[in-house]
Every structure is written in structure tokens, then in C-alpha cells.
Amino acid sequence: MIKLVLIYISLLCCSFSTSALVVVKKNTLYYSGQITEVQNNKASELLKSNSSINALTITSGGGNIDFGMDLADLIAAHKLSVSIKDFCFSSCANYILLVGQPTTIEKNAIVGWHGDAASAKWLDSDIDTMVKNLDEPKKVKNGKYSVRIMIRL
């Protein structure tokens, strides 16, 4: 339970930070933070200059829907596997999670949906409230692990 509380605190403190990091280690592209045009362009350049990249590991609170779809297109074009490391919300869950070939949700990672491109309106504060008010995430069996999934429609 303490570990879960620490994850939530970490999530609340950094999930919507404006800073992001896109780096390559071995054959994996690591994307952390907001999904933005600048970070997508960096990811694209790294993929162009390193043909051995075959995986993306992401931790993101999401971002603009267009940039989320752009990143998903980039992942699909390069046939990358996707690993959700710690959490994946909003555009990350709507687009990035679905495009991996395959996608792996790491043990204890949190995935959260709160709407889609057709939703009338949502705010980052809606996600903050959702996480604060969540007593215990729903658990869904996914192979070996129980995956924590949060859905707000």
C-alpha cells in the first residue's frame, strides 16, 4: 500500500510537468513527460539516425491529442514495441498504448483514460482529481500480472 501511495504522489507531482526527456539507450527510445511537438521531433530525429531502435519505453501524463497521434504514427512507421514503465494517461493511453507491436504494461504501472478526441471537454485537473479520489485501482488480469487501470468516461 505504501508503494501505491508513493506512486500516486510521484504521479501527481510530475505527470503534467512541462519538461520532457527523449533519449536513446541501447536499442530503446525512452520518452518521459508531456507528449509535445518538440519531443516528437527529437524522437523522430533519433529514430532516423539510429536504425537499430526497436522499442519505446514511455512514462507520460499525455499531451495534445494531435501530438499523441503523431507519436503513434511514428511508432507504427518504425514498428516499435512499446513498454509502459510507470504510468500512461490521456493521449498516451489513447494512442501510444494501442500502437505498440507489441505493447507491454510493466508490473504496477498505471494506465488512465479520461476521454478521447470526441469528448466534449476535459482538463488536466480532472485527471489530478481522478487520481486523488482513487482508493484502489481496478485490477484486470493481463497474463502474469494484475494491471491497474483507471477509466473515467
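Here the structure is a predicted model, which means the values were calculated and not measured.

**Observations regarding the packing of helix 3 (residues 65–77) against helix 4 (residues 91–99)**
It is the contact of helix 3 with helix 4, at a shortest axis distance of 9 Å, that shows an interaxial angle of 10 degrees. In terms of orientation, helix 3 and helix 4 fall into the roughly parallel class. Across the interface between the two elements, Ile65, Gly68, Met69, Leu71, Ala72, Ile75 and Ala76 from helix 3 touch Ser91, Tyr95, Ile96 and Val99 from helix 4. Here the contact of helix 3 with helix 4 is composed, by residue class, of nine nonpolar, two polar and no charged.

**Some points on the pairing of strand 4 (residues 81–89)**
By the bridge criterion, five bridges tie strand 3 (residues 55–60) to strand 4 in an arrangement that is parallel. Directly across from Ala55, in strand 4, lies its bridge partner Ser81. Traced from strand 3 through helix 3 to strand 4, the parallel crossover comes out right-handed. Here three bridges tie strand 4 to strand 5 (residues 103–105), and the two strands are oriented parallel to one another. Within strand 5, the position partnered with Ile84 by the bridge is Ile105. Between the parallel pair strand 4 and strand 5, the chain is carried across by helix 4, and the sense of this crossover is right-handed.

**Observations regarding unusual backbone geometry**
For the peptide bond that leads from Gln101 to Pro102, omega is 0 degrees, which places it in the cis range. Within the fold, Pro102 resides in the loop between helix 4 and strand 5. With a phi angle near 55 degrees, Ser90 is a residue other than glycine that sits in the positive phi range. Mapping Ser90 onto the fold places it in the loop between strand 4 and helix 4.

**Things to note about helix 4**
By the criterion of burial, helix 4 is predominantly enclosed, with eight of the nine residues buried. For helix 4, the set of buried residues is Ser91, Cys92, Ala93, Asn94, Tyr95, Ile96, Leu97 and Val99. In this fold, the buried residues of helix 4 make contact with strand 3, helix 3, strand 4, strand 5 and strand 6 (110–113).

**A look at the side chain of Thr28**
Its location among the elements puts Thr28 in strand 2 (residues 28–33). On the accessibility criterion, Thr28 (16% relative accessible area) is buried. When near neighbours in sequence (up to four residues on either side) are disregarded, Thr28 contacts Val23, Ile53, Ala55, Leu56 and Thr57.

**With respect to helix 3**
With 13 residues, helix 3 should reach 18 Å at 1.5 Å per residue; the first-to-last C-alpha distance of 18 Å fits that figure. If you check which residues of helix 3 are buried, you get Gly68, Leu71, Ala72, Leu74 and Ile75. The buried residues of helix 3 all sit within an arc of 160 degrees when viewed along its axis, so they share a single face. Pointing more than 90 degrees away from the buried face of helix 3 are the exposed residues Asp73 and Ala77.

The rules behind these values
Residues numbered from 1 in each chain as written. Predicted model: local features only at pLDDT ≥ 70, side-chain atom pairs only at ≥ 80, totals over all residues. Heavy atoms only, no water. Axes fitted to C-alpha atoms, helices over the stretch in contact; angles between N-to-C directions. Helix = DSSP H or I, 4+ residues; strand = E, 2+ residues; numbered from the N terminus. Parallel < 35°, antiparallel > 145°, perpendicular 65-115°, else oblique. Contact = heavy atoms within 4.5 Å. Nonpolar A, V, L, I, M, F, W, Y, C, P; charged D, E, K, R; others polar. Pairing = 2+ DSSP bridges. Right-handed = clockwise from strand over helix to strand, strands pointing away. Buried < 20%, exposed > 50% of the residue type's maximum accessible area, 1.4 Å probe, protein only. Expected span 1.5 Å × (residues − 1). Arc of directions from axis to C-beta.

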